[in-house]
Amino acid sequence: DAIVACRMLGYAFGTPTNESRFGSVRELFIFKNVNCRGHEESLLDCSYSGDNCKAHEGAGVVCQSAADLTLDLTGWTEDSGLDGDYGGNVVFNGETVCDSGWDDKDANVVCRSLGYSSGTSTRGSHFGPGLPHKLSNVECNGTERSLLDCKYWAIDDNRSYWCGKDRAAGVVCRK
């Protein structure tokens, strides 16, 4: 939900807040129980229900620009048993990417954004247990410059059960 709200505001990514973290709000709510998958362009494209919230129940977001985001790989060792120049579990903004739907097109986007020419995908936390997951069902066509240009589902704290630590997406990159 936070990613969609921030996208509406022109930012690349967002983290949710709750319980009116930024102060009490009027008890006039448009949405309650918003449920976005993360690929929507607007909160209006998400499912939601009524409007009976209290002033201390306001949702908020902390938005980030693309320049503030990080993409790293973790777990690569020389004896990982894979032929490539570098690889690891994909860590986006401090959290691993879930391997649901993860394929070579997605891996190519990650590797190119890290300065490599191509990549192949790994699944099932090949490079060790994953961290909490932030993105799932990444769907790149292979030509994007960043994972954020691909379709994906955002996983918030309420949906973290979707993907366990044994489901981290990974890549093996080549020069």
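Refer to the structure presented above.
K.L.:
Explanation requested: the overall build of the protein chain in the structure shown.
P.N.:
A count of helical and extended segments in the protein chain gives 2 helices and 11 strands. Overall, the protein chain shows an N-to-C arrangement of helices and strands of α-β-β-β-β-β-β-β-α-β-β-β-β. Put simply, of all contacts in the protein chain between residues at least 6 apart along the chain, 71% involve residues at least 24 apart. Put simply, the protein chain shows about 9,500 Å² of open surface, and 47% of that area lies on carbon and sulfur atoms.

K.L.:
Help me understand a nonpolar patch on the surface in this model?
P.N.:
On the surface, Met8, Leu9 and Tyr11 cluster together into a nonpolar patch covering about 320 Å² of accessible area. Position of Tyr11 relative to the elements: it lies in the loop between helix H1 (2-8) and strand S1 (13-17).

K.L.:
Can you walk me through helix H2 (residues 104-113) in this structure?
P.N.:
Think of an α-helix as 3.6 residues a turn; residues three or four steps apart then line up on the same face. Every buried residue of H2 is listed here: Asp106, Ala107, Asn108, Val109, Val110 and Cys111. At the N-terminal boundary of H2, the capping side chain belongs to Asp103, with an oxygen 3.1 Å from the backbone nitrogen of Lys105. Looking one or two residues beyond H2, the residue adopting positive phi is Gly115, at roughly 95°.

K.L.:
How do you make sense of unusual backbone geometry when you look at a structure like this?
P.N.:
Backbone phi values are negative for most residues with the exception of glycine, while trans is the configuration of most peptide bonds. Notably, Ser125 is not glycine yet its phi reads approximately 50°, a positive angle. Tracing the chain through its elements places Ser125 in the loop between strand S8 (118-122) and strand S9 (133-139). Positive phi, normally seen in glycine, also occurs at Asn137, with a value near 50°.

K.L.:
Please explain the pattern of salt bridges as it appears in this structure.
P.N.:
Side-chain pairs of opposite charge can arise where the charged atoms are in close proximity. Evaluated as defined, the whole model comprises 1 salt bridge. Ionic pairing is found between Asp99 and Arg167, a salt bridge with its closest N-O pair at 2.6 Å. Taken together, the residues span a long stretch of sequence, with Asp99 in the loop between strand S7 (95-97) and H2 and Arg167 in the loop between strand S10 (151-154) and strand S11 (170-174) at a distance of 68 residues. Residue class for Arg167 comes out partly exposed when judged on its relative accessible area of 26%.

K.L.:
Help me out: how do you make sense of the state of the cysteines in this one?
P.N.:
Enumeration over the complete set of coordinates arrives at 5 disulfides. In this model, Cys6 is linked to Cys63 through a disulfide, with the two sulfur atoms separated by 2.0 Å. Handedness of the Cys6-Cys63 disulfide follows from its S-S torsion of about -85°: it is left-handed. With Cys6 in helix H1 and Cys63 in strand S4 (residues 60-64), this residue pair connects regions lying 57 residues apart in the sequence. Of the residues examined, Cys6 reaches a relative accessible area of 0% and is grouped as buried.

Conventions and cut-offs
- Residues numbered from 1 in each chain as written.
- Predicted model: local features only at pLDDT ≥ 70, side-chain atom pairs only at ≥ 80, totals over all residues.
- Heavy atoms only, no water.
- Helix = DSSP H or I, 4+ residues; strand = E, 2+ residues; numbered from the N terminus.
- Contact = heavy atoms within 4.5 Å.
- Areas by Shrake-Rupley, 256 points an atom, 1.4 Å probe, with all protein chains shown as cover.
- Patch = residues over 30% accessible without salt bridge, like charges linked within 9 Å, V, L, I, M, F, W, Y side chains within 5 Å.
- Salt bridge = Lys/Arg side-chain N within 4 Å of Asp/Glu carboxyl O.
- Buried < 20%, exposed > 50% of the residue type's maximum accessible area, 1.4 Å probe, protein only.
- Polar contact = N/O pair within 3.5 Å; in protein donor to acceptor, adjacent residues only side chain to side chain.
- Disulfide = S-S within 2.5 Å.

All quantities given are derived from atomic positions and should not be read as evidence of function.
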